[in-house]
Amino acid sequence: MKARNQGITRDSIFRVLVTIAAAITLLLIAAIVYELYNGSTASIKAFGLSFIVGTVWDPALKNVFGALPLIWGTLVTSAIALILAVPLSIGIGILLSEFAPRVVRFPFSLLVELLAAIPSVIYGLWGIFVLAPTLRSSVYPAIQGILGFLPLFSGEVTGFGVLTAGIVLAIMIIPTITAVSREVFNSVPNTQREAFFAIGATRWETAKHIVSYARSGVIGAIMLGLGRAIGETMAVTMVIGNRFEIPSSLFQAGYTMSALIANEFNEANGALYVSSIVEVGLVLFVITLLVSAVARALVWRSLRMYKGASME
Amino acid sequence: MSQISRVRKWKNRLLMGLCYLALGIALVPLLSIIFVTAQKALPTLNLEFLTALPAAYGTAGGGIGNAIQGTAILVSMASLIGIPVGVLTGIYLSEYGRGRAADVIRFFDEVLSGFPSIVIGVFVWSLIVVNIHHFAAFAGSVALSILMIPVVARTTEESLKLVPNSIREASLALGVSKWRTTLSVVLSVGRSGVITGAILAVSRIAGETAPILLTTLSSSYWFSGLDAPVSSLPLTIYYYAISPFADMRQKAWGAAFLLIMFVLGISIIVRLISRRRYLR
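Since we're looking at a predicted model, the values are computed, not measured.

So, about the overall build of chain A. Helix and strand counts for chain A stand at 12 helices and 2 strands. The secondary structure elements of chain A, listed N-terminal to C-terminal, are α-α-β-β-α-α-α-α-α-α-α-α-α-α. The long-range fraction of contacts in chain A, counting pairs at least 24 apart against all pairs at least 6 apart in sequence, stands at 76%.

This part is about the interface of chain B and chain A. Across the boundary between the two partners, chain B contributes 73 residues, which contact 71 residues of chain A. Top contributing element to the side of chain B that touches chain A by residue count: helix α1 (residues 3–41) of chain B, with 19 residues. Taken together, the residues of the side of chain B that touches chain A break down into 52 nonpolar, 11 polar and 10 charged.

Axis separation between helix α5 (residues 120–147) of chain A and helix α11 (residues 233–241) of chain B bottoms out at 9 Å; the angle between their running directions is 20°. Considering the angle they form, α5(A) stands roughly parallel to α11(B). As α5(A) runs across α11(B), the sense of the crossing is left-handed. Each of Val121(A), Ile122(A), Gly124(A), Leu125(A) and Ile128(A) in α5(A) lies in contact with α11(B), whose residues at this interface are Pro234(B), Ile237(B), Tyr238(B) and Ala241(B). Residues of the contact of α5(A) with α11(B), tallied by class, amount to 8 nonpolar, 1 polar and no charged.

Below, the discussion takes up the confidence of the model for chain B. With 96% of its residues at a pLDDT of 70 or more, chain B has an overall mean of 92. Listed scores for the predicted complex are pTM 0.93 and ipTM 0.93.

Basis of the calculations
Residues numbered from 1 in each chain as written. Chains lettered and ligands numbered in written order. Predicted model: local features only at pLDDT ≥ 70, side-chain atom pairs only at ≥ 80, totals over all residues. Helix = DSSP H or I, 4+ residues; strand = E, 2+ residues; numbered from the N terminus. Contact = placed C-beta atoms within 7 Å. Nonpolar A, V, L, I, M, F, W, Y, C, P; charged D, E, K, R; others polar. Axes fitted to C-alpha atoms, helices over the stretch in contact; angles between N-to-C directions. Parallel < 35°, antiparallel > 145°, perpendicular 65-115°, else oblique. Left-handed = near helix turned anticlockwise from the far one by under 90°. pLDDT = per-residue confidence, 0-100.

In structure tokens form, the structure reads like this:
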């Protein structure tokens, strides 16, 4: 009898232990939200909305902080990354779930996943010494030759700037979008494929149908990629040029929220400066939270719809 | 065969070809990174590079021994916190969590794993570094462990869910209590997946740069305690890459080579082991 009682208590101890561990996630998220908000109260009080729409970042003389160029830089580089990465990723996703012979699907998937395993700082290193010089010497002059009349592609070409940052980001989010969309395509019931083949559709026409059938999952995959692009730091910091202004040309240097944090956290003297950097983190956090919550809900829902099972 | 069906056939071929082209385009950067890094790193790799302290700023010679040591310490400390919490969370989700509560935790675990690592860095910086007024190795480990928890939790849950229910029932039917069944039977049967997940999480945080930059910063000396800054491979790559000296840039490639070998090596081995998933 004694032994059995002990068993029951140990059981409940273990249950409490694993529940606490699981609750740590919730506590962490609450702590992150609290700390970011708490840390930025001074800046929120001082600048209010003008922090988001202001274009002056002057810690030295006036102690005024406005982050619009950073938000603009983050959104534009992420948009460029999506424009480049989405068609490629969906194409690869279709290839890996519909077209490629079964034998090569594993090695192809592995290679694409390795792109995701390479650390951001190594993309930055490669960006500085391989990608930027290549773009400067051959790709950008060619673009300028054709589209140079547009203000978007005018100005001096250094190889470092908004467009280069967008290209590096595109490479980095391809594996994310590819992996999730492949998973979503794989989870589409086979009856959908069989029905199309049965009426004589080609493989491409069938694949097109699969993509449109799985579109909410695909949108989720794209938004997961977007979330990753928005928060990416080191690679962007190393190739974007880090100049605090809203550039008119994609070849010009720019700045992003994450890059500013990485560059200035260590120089921040004075409570208002520290608080402003934390608020940049808060804005970045809120944007990624919205994007990733919507993305995960979409992916979750579409996988659940097809499989009748939970997320994985 | 009608004209229309010939058009459709060619369209089919063209677009399937474009999909292969997309894969080719995506693999160019991967191959370029691996090839260039290996090529530029090879001249730097020798015993001094792997074991010595950095030489005085801007002078030739020296090594990155302290960065290797620092990364090993940061990652081990983070694993000591992150792996137990992650595994226990995974056990909760797979064995104990029921209904809405488990769904909520699973959802927020996913959300936490979607947080940019720099946000975790800002969090720990604002919470710890700003308050203690200096950078510290333990702050970096805390940041890294937060990044590990959702990854380990998810892989643990997945691999424990693959354990057949009959095994749990057999153990419970023998009168073994639930906690003991979970730890000695379920976890033991599912251990390869749990270990795989933990190793994958280690390889993911080993290359994290932004959170360490904000919390641990860097040092030119050997490890001198958890309360002091320490060097690390990712930060060494960052600082050397943006330095004006050719010798340091060369060393950045050497450090990048070590990091790539470690991270890609683990990824490839882990994927090969868990290959069964792709063959289902």
